[in-house]
Amino acid sequence: GNSVTQMEGPVTLSEEAFLTINCTYTATGYPSLFWYVQYPGEGLQLLLKATKADDKGSNKGFEATYRKETTSFHLEKGSVQVSDSAVYFCARPYGNNRLAFGKGNQVVVIP
Amino acid sequence: GAGVSQSPSNKVTEKGKDVELRCDPISGHTALYWYRQSLGQGLEFLIYFQGNSAPDKSGLPSDRFSAERTGGSVSTLTIQRTQQEDSAVYLCASSLATEGRRYTFGSGTRLTVV
């Protein structure tokens, strides 16, 4: 099918810690891949994307590398801040301009 | 407008009542989407409008759900005879036709059916 899977459960970590959120996808071919972020009380917004295999998307200190060997697009940040507390969604296109989203991961950064 | 505007931001309704949720997309965005975000679930696609084409309604969960887009701009999602399982955050997004997957989302309407 055309889906994305994110690791279960919220993520709680201390300021300046290293963050990884796993995302794997199923697809035929090599779709574009996206990470969206939802800050408290706001709509989702595009954080970064990669349009082909081996591409690296980056923004606001976050990075994700499109790895076709492992069908993964894990999100990483080397040193998180309290302001990074949000819900993060992995997504991939399917059908007619739609996006299929993962279930999202709540990230809580403690000062 | 500067962003996608949704109203109301919160709605509490009694089971069995009808509700209307409104989305005002970014001016010039021809594509408009409705998604539903339920607790512990990802975003569930509901319906997609593109210009004057017939909408893609394949994600609507039942015939109690319907949506319109008037004049290629404002959209209304209507839920008839609401049920408790309809409780969720309803998100609207819009995009340019040339950037189909670069959505701009509204802040959503949190619907609670009691």
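In what follows, the structure referred to is the one given above.
What counts and what doesn't
Residues numbered from 1 in each chain as written. Chains lettered and ligands numbered in written order. Predicted model: local features only at pLDDT ≥ 70, side-chain atom pairs only at ≥ 80, totals over all residues. Heavy atoms only, no water. Disulfide = S-S within 2.5 Å. Helix = DSSP H or I, 4+ residues; strand = E, 2+ residues; numbered from the N terminus. Buried < 20%, exposed > 50% of the residue type's maximum accessible area, 1.4 Å probe, protein only. Pairing = 2+ DSSP bridges. Contact = heavy atoms within 4.5 Å. Buried area = accessible area lost by both parts, 1.4 Å probe. Salt bridge = Lys/Arg side-chain N within 4 Å of Asp/Glu carboxyl O. Nonpolar A, V, L, I, M, F, W, Y, C, P; charged D, E, K, R; others polar.

With respect to the state of the cysteines
Phase 1: Going through the model one piece at a time under the given rule, you end up with two disulfides over all chains.
Phase 2: Across a sulfur-sulfur distance of 1.9 Å, A:Cys23 and A:Cys90 are joined as a disulfide pair. Residues A:Cys23 and A:Cys90 share a disulfide whose torsion about the S-S bond is about -65°; that sign makes it left-handed. On the criterion of sequence distance, the pair formed by A:Cys23 in strand β4 (residues 23-26) and A:Cys90 in strand β10 (residues 86-94) is long-range, its members being 67 residues apart.
Phase 3: Classification of A:Cys23 as buried rests on a relative accessible area of 1%.
Phase 4: Overall, A:Cys90 belongs to the buried group, its relative accessible area being 0%.
Phase 5: Here B:Cys23 pairs with B:Cys92 through a disulfide, and the sulfurs are 1.9 Å apart.

Some details on the pairing of β10(A)
Residues and elements named next belong to chain A.
Phase 1: Within β10, eight of the nine residues are buried, which leaves the element mostly enclosed by the surrounding structure.
Phase 2: With three bridges joining them, β10 and strand β12 (residues 105-110) adopt antiparallel strand pairing. Residue Ala-86 lies in a different strand from β12, and its bridge partner there is Val-107.
Phase 3: Two elements, β10 and strand β11 (residues 98-101), share four bridges in a ladder whose sense is antiparallel. Residue pairing in the sheet places Pro-93 in a bridge with Leu-99 of β11.
Phase 4: The turn joining β10 and β11, which pair antiparallel and follow one another in sequence, is formed by three residues; a positive phi near 60° is taken by Gly-95.

Notes on the interface of chain A and chain B
Phase 1: With 19 residues of chain A at the interface, the matching set in chain B holds 20 residues.
Phase 2: Approximately 1700 Å² of surface area, both sides summed, lies buried where chain A meets chain B, with 50% of it carried by carbon and sulfur atoms.
Phase 3: A salt bridge links A:Arg98 to B:Asp56; the nearest nitrogen and oxygen atoms lie 2.9 Å apart.
Phase 4: For the side of chain A that touches chain B, the secondary structure elements donating two or more residues are β5 (33-38), β10 and β11 of chain A.
Phase 5: Grouping the constituent residues of the side of chain A that touches chain B by class yields nine nonpolar, seven polar and three charged.

Focus on the pattern of salt bridges
Residue and element names in this part refer to chain A.
Phase 1: Going through the model one piece at a time under the given rule, you end up with nine salt bridges over all chains.
Phase 2: Between Asp-55 and Lys-52 there is a salt bridge; the shortest N-O distance is 3.4 Å.
Phase 3: Taking the relative accessible area as the measure of exposure, Lys-52 reaches 49% and is therefore partly exposed.
Phase 4: Within this structure, Asp-54, Lys-68 and Glu-69 form a network of salt bridges that share partners.

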